[in-house]
Amino acid sequence: MRTWHEMRGFPLAVRLLLVNQLGVNTGFYLLIPYLATHLGENLGMSAAVVGIVLGVRNLSQQGLFIIGGSAADRLGARGVIIAGCALRTVGFALFALGDGLPVLLAASVLSGLAGALFNPAVRAYLAQEAGERKAEAFALFNVFATTGALVGPLLGSALLLVDFRTSALTAAGIFAVLTVAQALVLPARKVEPSGSGVLGDWREVLGNRAFLAFSLAMVGMFTLENQLYLLLPDGAREATGWDGAAGIVFLVGTVANLAFQLRITGYLKSRHDRARWIAVGLAVMALAFLPPALAPGAVPVLASALLLYLGIMIASPFVMELIPRFGRPELTGTYFGIFYVVSGIAAAAGNTVVGWAMDAGESAGRAWLPWVCCAVFGAASAGGVAWLRRRGALPAPAEPVREKADA
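None of these values were measured; they are calculated from a predicted model. (Residues numbered from 1 in each chain as written. Predicted model: local features only at pLDDT ≥ 70, side-chain atom pairs only at ≥ 80, totals over all residues. Heavy atoms only, no water.)

As for helix α19 (residues 369-391)
Working step 1: Here α19 is 23 residues long and its end C-alpha atoms lie 33 Å apart, about the 33 Å a rise of 1.5 Å per residue gives.
Working step 2: What α19 keeps buried is the set Pro370, Trp371, Cys373, Cys374, Ala375, Phe377, Gly378, Ser381, Ala382, Val385 and Leu388.
Working step 3: Following α19 by one or two positions, glycine 392 adopts a phi angle in the positive range, close to 75 degrees. (Helix = DSSP H or I, 4+ residues; strand = E, 2+ residues; numbered from the N terminus. Expected span 1.5 Å × (residues − 1). Buried < 20%, exposed > 50% of the residue type's maximum accessible area, 1.4 Å probe, protein only.)

Have a look at this one:
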């Protein structure tokens, strides 16, 4: 009930963006987790070709976030959000209708480009519309996103009982509905010129050394978040011998998020500066991986999941609130876009290390190795943010800063 009460306190545009994120994650996780199985088992493609199709989608999204962010600043976030959801509709429909490699590659490119467009644009629009209530808005955003990430796989697994095409067309339909809703409801806002060209905007953001240092420091957050889909499900299956155990982890985490996210953000917002709570959240995320490292079993894995969700709930809203404050409001989308490019590339490298640790730990009989590896990532990120805070390199919540070149 508190979620709906808090949601009603925001403008209609913010409320739509929250529901939009629920739909985005539902549609995405309804399809993408099952795509590799469809390509390999249903279409008979080799592992190498499957890897190419999935890699093209990921590269199209991660590598082009900066394009989506700049487009939001220059063309207006509303139009970029609508265009992104429309492209995702087409891309997912192509996955349903096409069996040939060229069509599947086109679907991957369109789906990835769609995410690169609307992800930074949605966050920029939300930050602008929420005003000084950014932390609360992004806390709600996290609640809706987490719920969609749970509903999507459950719905997808049910639709796969029919066939993959039904699942893909349903996902495309969700994005089509979102596209229409945004076109009808989201108000257009006047676009303030940045005063320079696109390359000038990029140089300004990339020249903000405090922002780049913060983006790199957040590698632990994104690497550890991704373990909700890699290490934790694997640990749950190993501990219980049941494939469905991973779903229980997601369910418990989502319930915790719904129950505590808004309370945690509201409680912490007025206590000390936000950067401290980002560092604390990252430290909690690091500690989350110690129980399975110290003792095998289902209970340590469940404790790990709950601590990980708690750390995300502490840190994530304040991270999203902080990013626009590094620079001018006219470049909010560009800051979000570059943040996701930098942290996405760094997190991909981090996931590679975790994957190596999983393989090495299994072959050497050291099951604790990947868990300790994740704890080290989280501790390093927490230390990095704490160091930036002590240096005074991070903007205060009260007013934005243009640049901290001495960080």
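Details of the packing of helix α10 (residues 198-206) against helix α18 (residues 332-364)
Working step 1: Axis separation between α10 and α18 bottoms out at 10 Å; the angle between their running directions is 65 degrees. Helix-helix and strand crossings are classified by hand; for α10 and α18 the assignment is right-handed. Contact with α10, carried on its side by Trp202, Glu204, Val205 and Leu206, involves Thr334, Tyr335 and Ile338 of α18 and no other residues of that element.
Working step 2: Broken down by class, the residue content of the contact of α10 with α18 amounts to five nonpolar, one polar and one charged. (Axes fitted to C-alpha atoms, helices over the stretch in contact; angles between N-to-C directions. Left-handed = near helix turned anticlockwise from the far one by under 90°. Contact = heavy atoms within 4.5 Å. Nonpolar A, V, L, I, M, F, W, Y, C, P; charged D, E, K, R; others polar.)

Description of the pattern of salt bridges
Working step 1: Counted according to the given criterion, the structure contains eleven salt bridges.
Working step 2: Note that arginine 165 is salt-bridged to aspartate 99, the shortest N-O span being 2.4 Å. Residue arginine 165 is located in helix α9 (residues 164-185), and its partner aspartate 99 is located in the loop between α6 (77-97) and α7 (101-130); the two are separated by 66 residues in the primary sequence.
Working step 3: Residue class for arginine 165 comes out partly exposed when judged on its relative accessible area of 32%.
Working step 4: When the shortest N-O distance is used, the salt bridge between glutamate 136 and lysine 269 registers 2.8 Å. Taken together, the residues glutamate 136 in helix α8 (residues 134-159) and lysine 269 in helix α14 (residues 245-269) connect sequence positions 133 residues apart. (Salt bridge = Lys/Arg side-chain N within 4 Å of Asp/Glu carboxyl O.)

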